[in-house]
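Reading the structure
Single-letter residue listing:
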Amino acid sequence: MMTEENYHPIPQPEELEIREKEDAMGAYLMMFAALGAGLPLPILNLVAAIIYYYINKGKSLFVRFHSLQSLLSQLPTSILNAVAVFWGARIIFFDYAFTDVFKGYLWLVGIANLIYIIFSIIGAVQARKGQMYYFIFFGRVSYQAVFKRKESESQKVVNQPPKM
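Residues numbered from 1 in each chain as written. Predicted model: local features only at pLDDT ≥ 70, side-chain atom pairs only at ≥ 80, totals over all residues. Heavy atoms only, no water.

So, on to the packing of helix α3 (residues 61-93) against helix α5 (residues 138-147). One can describe the packing of α3 onto α5 by two numbers: an axis separation of 9 Å at closest approach and a directional angle of 140°. One way to sum up the angle between α3 and α5 is to call them oblique. For the crossing formed where α3 meets α5, the hand is right-handed. Contact residues: α3 offers L61, R64, F65, L68, Q69, L72, S73 and P76, while α5 offers F138, G139, V141, S142, Y143, A145, V146 and F147. Residues of the contact of α3 with α5, tallied by class, amount to 11 nonpolar, four polar and one charged. (Axes fitted to C-alpha atoms, helices over the stretch in contact; angles between N-to-C directions. Helix = DSSP H or I, 4+ residues; strand = E, 2+ residues; numbered from the N terminus. Parallel < 35°, antiparallel > 145°, perpendicular 65-115°, else oblique. Left-handed = near helix turned anticlockwise from the far one by under 90°. Contact = heavy atoms within 4.5 Å. Nonpolar A, V, L, I, M, F, W, Y, C, P; charged D, E, K, R; others polar.)

What follows covers the layout of surface pockets. Gaps left between atoms are located by rolling a probe of water-molecule size over the structure's atoms. By volume, the largest pocket is sized at about 210 Å³. Lining the largest pocket, in full, are S73, P76, T77, L80, A112, I115, Y116, F119, F135, I136, F137 and F138. Of all the secondary structure elements, the ones that give two or more residues to the lining of the largest pocket are α3 and α4 (100-128). (1 Å grid on protein atoms, 1.4 Å probe; cavity = no way out; pocket = protein on both sides within 12 Å on 5 of 7 lines; lining within 4 Å. Points joined across faces, edges and corners; volume = space filled by probe spheres on them.)

Where the model shows low pLDDT, its predicted coordinates should not be examined in detail. Of all residues in the protein chain, 87% attain a pLDDT of 70 or more, and the chain-wide mean is 86. The secondary-structure element of the protein chain with the lowest mean pLDDT is helix α1 (residues 18-37), recorded at 84, while α5 shows the highest, at 94. (pLDDT = per-residue confidence, 0-100.)

This paragraph deals with the packing of aromatic side chains. This model, assessed by the stated rule, comprises 13 aromatic pairs. For the ring pair W87 and Y105, a centre distance of 5.4 Å and an interplane angle of 50° mean the geometry is tilted. With W87 in helix α3 and Y105 in helix α4, the pair connects residues that are 18 residues apart, well separated along the chain. With a relative accessible area of 15%, Y105 lands in the buried category. Three or more aromatic residues joined by ring pairs form one cluster here, namely Y7, F65, Y134, Y143 and F147. Between R90 and the ring centre of Y96, over which it is positioned, the NZ or CZ distance is 4.1 Å. (Phe/Tyr/Trp six-rings, centres within 6.5 Å; stacked < 30°, edge-to-face > 60°. Buried < 20%, exposed > 50% of the residue type's maximum accessible area, 1.4 Å probe, protein only. Lys NZ or Arg CZ within 6 Å of the ring centre and 35° of its normal.)

Given below as structure tokens:
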């Protein structure tokens, strides 16, 4: 059950430093830099997102949330892209047929990438404003992973009632 005391408070835009907002925005923009460098190797985008997450996860909960959401949302797209690249390489190098199924798959991959790019741009803009933006499914998972209080973070009780 999601109760307020089980989660850390969500930082408000005025509580965040400019650097935190920029680091959170960078999690989404990292995809574009890695896309340019690794177009034929879609796994490079995923590796770049993993590295960015691990470098920035300790900065703040806000940065960690956006970095994790960007990373998790990139997983399905990276898998779809990798399959398309390897399937295409098999067609080119091993003389397999360029079938309608492959053409349909390329359309699916293109649409998935377009949706991912649109959501990433929106996420980057919202992060730069210091606002939370929750992707479908990945937003909830990221929120729960980052903002949920751990058992060890509960308040340490120093003063206790007398023992009877």
